[in-house]
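A closer look at the structure
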Amino acid sequence: MRIAVFNTKPYDREFLAEASARSGRHEPTFLEPLLSSATAKLADGFPVTCAFVNDCLDAAVLEILAAGGTKLIALRCAGFNNVDLGAAARLGIRVVRVPAYSPYAVAEHTVGMMLTLNRKFHKAYNRVREGNFALDGLLGFDMHGKTVGVVGTGKIGECVVRILLGFGCRVLAYDPFENETIKQLGAKYVAPAALLAECDIVTLHCPLTPESYHLFDERRLALMKPGAMLINTGRGGLLDTSAVVRALKSGRLGSLGIDVYEEEADLFFVDHSHHAILDDVFSRLLTFPNVLVTGHQAFFTREALEAIAATTIANVDQFAAGEKLTNEVKG
Ligand code: NAI
């Protein structure tokens, strides 16, 4: 099947081309542009459109894709908050995703962010290279014995819980659907307010939905333990970033680690080092010494890219064969 693969980088092409060659049944065309209403016509004549986290799949884009013959959207990511599922159903376009590829990749990056903010590896790296071996300003805390809150205990949240318990942390969790394994491991489910009040570190692993949009707003941030660390490797829209900036300015929030940002589509995955960054909220975040930003790289391991490509092609295989779509997303 002909697949229009939007928003590709060299690493996407490498892994998808390998998986596609193994299947031997598809013809991917790799396109550089992000999918938007301005670029959707590039998929004319392709029954399958493959897209990533920051591609726009709103009703307007889906209408252009449907008119061009797209019958299947193959998301090469887990989250599907960027797809108007109602519009897709109305237009007869089916949507598949990659529900799991490497929860370890995201979980390990998350804990790496906690350790970096705590032990200040980013500052130590630069200091030592300049011959500065002073320790002032690098003081951290033992993870052992600290209370960490995990919001969303699905595949990634569960991996994070396992790692944190290995450090000797006390782990509190919140999820509207409790996971028995989490309890057996020794973490405790509590109400959101109790989690916020008690935790030294809070980390977010829930999807972005209309209910979780700006989950951490002014009110919830004010419920957090003063000086706590907040980590978001979920989706940018989980945080009201302007409220987070205010909490950092007041010192209420002790530190922040984010791999995702609500306006990241205009920034991430591209080299902007030769231009001014026009997003003032994002620029303000970068001025804080206690803020660590990575550009949506938590998933970025070899194992994850291999699994993403394999599942994406397997999803298209099922569609081409008229089989049940195991990883279909419905509204
Ligand atoms: P999952 O579906 O296995 O688990 C999500 C959990 O969140 C579920 O247990 C669900 O009940 C819970 N949940 C839903 N709404 C909630 C709420 N309002 N409060 C608390 N919990 C809630 O998903 P998985 O694989 O663990 O991924 C989690 C999220 O991580 C994805 O939705 C995606 O947005 C993000 N992600 C980020 C990546 C990155 O590179 N930064 C890569 C992959 C996923």
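Residues numbered from 1 in each chain as written. Predicted model: local features only at pLDDT ≥ 70, side-chain atom pairs only at ≥ 80, totals over all residues. Heavy atoms only, no water.

1. Considerations on the sheet that holds strand E3 (residues 48-51)
Read from one edge of the open sheet, five strands run E2-E1-E3-E4-E5, paired in parallel fashion. The strands lining the two open edges of the sheet, one partner per strand, are strand E2 (27-30) and strand E5 (94-96). Averaged over all neighbouring strand pairs, the angle between strand axes comes to 25°, with direction disregarded. Two elements, E3 and strand E4 (residues 72-75), share four bridges in a ladder whose sense is parallel. Within the sheet, the bridge partner assigned to Ala 51 lies in E4 and is Leu 75. Relative to E4, helix H12 (residues 302-320) is tilted by about 160°, and along the sheet it contacts strand E1 (2-5), E3, E4 and E5. (Pairing = 2+ DSSP bridges. Helix = DSSP H or I, 4+ residues; strand = E, 2+ residues; numbered from the N terminus. Axes fitted to C-alpha atoms, helices over the stretch in contact; angles between N-to-C directions. Contact = heavy atoms within 4.5 Å.)

2. A few points about the pattern of salt bridges
Per the counting criterion, the structure on display carries 12 salt bridges. With its nearest N and O atoms 2.7 Å apart, the salt bridge here joins Glu 218 to Arg 246. Note that Glu 218 is positioned in helix H9 (residues 218-223) and Arg 246 in helix H10 (residues 241-250), a separation of 28 residues in sequence. Overall, the relative accessible area of 44% leaves Glu 218 in the partly exposed class. When salt bridges that share partners are traced, they join Glu 178, Glu 180 and Lys 183 into one network. (Salt bridge = Lys/Arg side-chain N within 4 Å of Asp/Glu carboxyl O. Buried < 20%, exposed > 50% of the residue type's maximum accessible area, 1.4 Å probe, protein only.)

3. Concerning the nonpolar core
One finds Leu 35, Leu 57, Leu 62, Leu 65, Ile 73, Leu 75 and Val 95 to be the most contacted residues of the largest nonpolar core, which totals 42 residues. Going through the elements one at a time, E1, helix H1 (10-23), E3, helix H2 (59-67), E4, helix H3 (85-90), E5 and H12 are the ones with two or more residues in this core. Residue contributions to this core peak at six residues, all from H12. Setting aside residues up to four positions removed in sequence, Leu 65 forms contacts with Leu 35, Ala 40, Ala 43, Thr 49, Leu 57, Thr 70 and Ile 73. Grouped together as the second largest cluster of nonpolar side chains are 29 residues, Val 151, Ala 228, Ala 243 and Leu 285 included. (Core = buried A, V, L, I, M, F, W, Y, C linked by side-chain atoms within 4.5 Å.)

4. As for the packing of H1 against H12
Between H1 and H12, whose axes approach to 9 Å, the crossing angle comes to 45°. Judged by the angle between their axes, H1 and H12 are oblique. As for how H1 packs across H12, the hand of that crossing is right-handed. Across the interface between the two elements, Tyr 11, Glu 14, Phe 15, Leu 16, Ala 19, Ser 20 and Ser 23 of H1 pack against Arg 302, Leu 305, Glu 306, Ala 309, Ala 310, Thr 312, Ile 313 and Asp 317 of H12. Partitioning the contact of H1 with H12 into residue classes produces eight nonpolar, three polar and four charged. (Parallel < 35°, antiparallel > 145°, perpendicular 65-115°, else oblique. Left-handed = near helix turned anticlockwise from the far one by under 90°. Nonpolar A, V, L, I, M, F, W, Y, C, P; charged D, E, K, R; others polar.)

5. As for the domain arrangement of the protein chain
The domain architecture assigned to the protein chain consists of domain 1 (2-101 + 301-329) and domain 2 (103-293). With centres defined by C-alpha atoms, the gap from domain 1 to domain 2 works out at 30 Å. Contacts between domain 1 and domain 2 engage 13 residues on the former and eight residues on the latter. Here domain 1 and domain 2 share an interface that buries about 920 Å² over both sides, 59% of which is from carbon and sulfur atoms. Here domain 1 is connected to domain 2 by zero salt bridges. The interface formed by domain 1 and domain 2 holds three residue pairs in polar contact (both at pLDDT 80 or more) in total. (Domains from an automatic or database assignment. Buried area = accessible area lost by both parts, 1.4 Å probe. Polar contact = N/O pair within 3.5 Å; in protein donor to acceptor, adjacent residues only side chain to side chain.)

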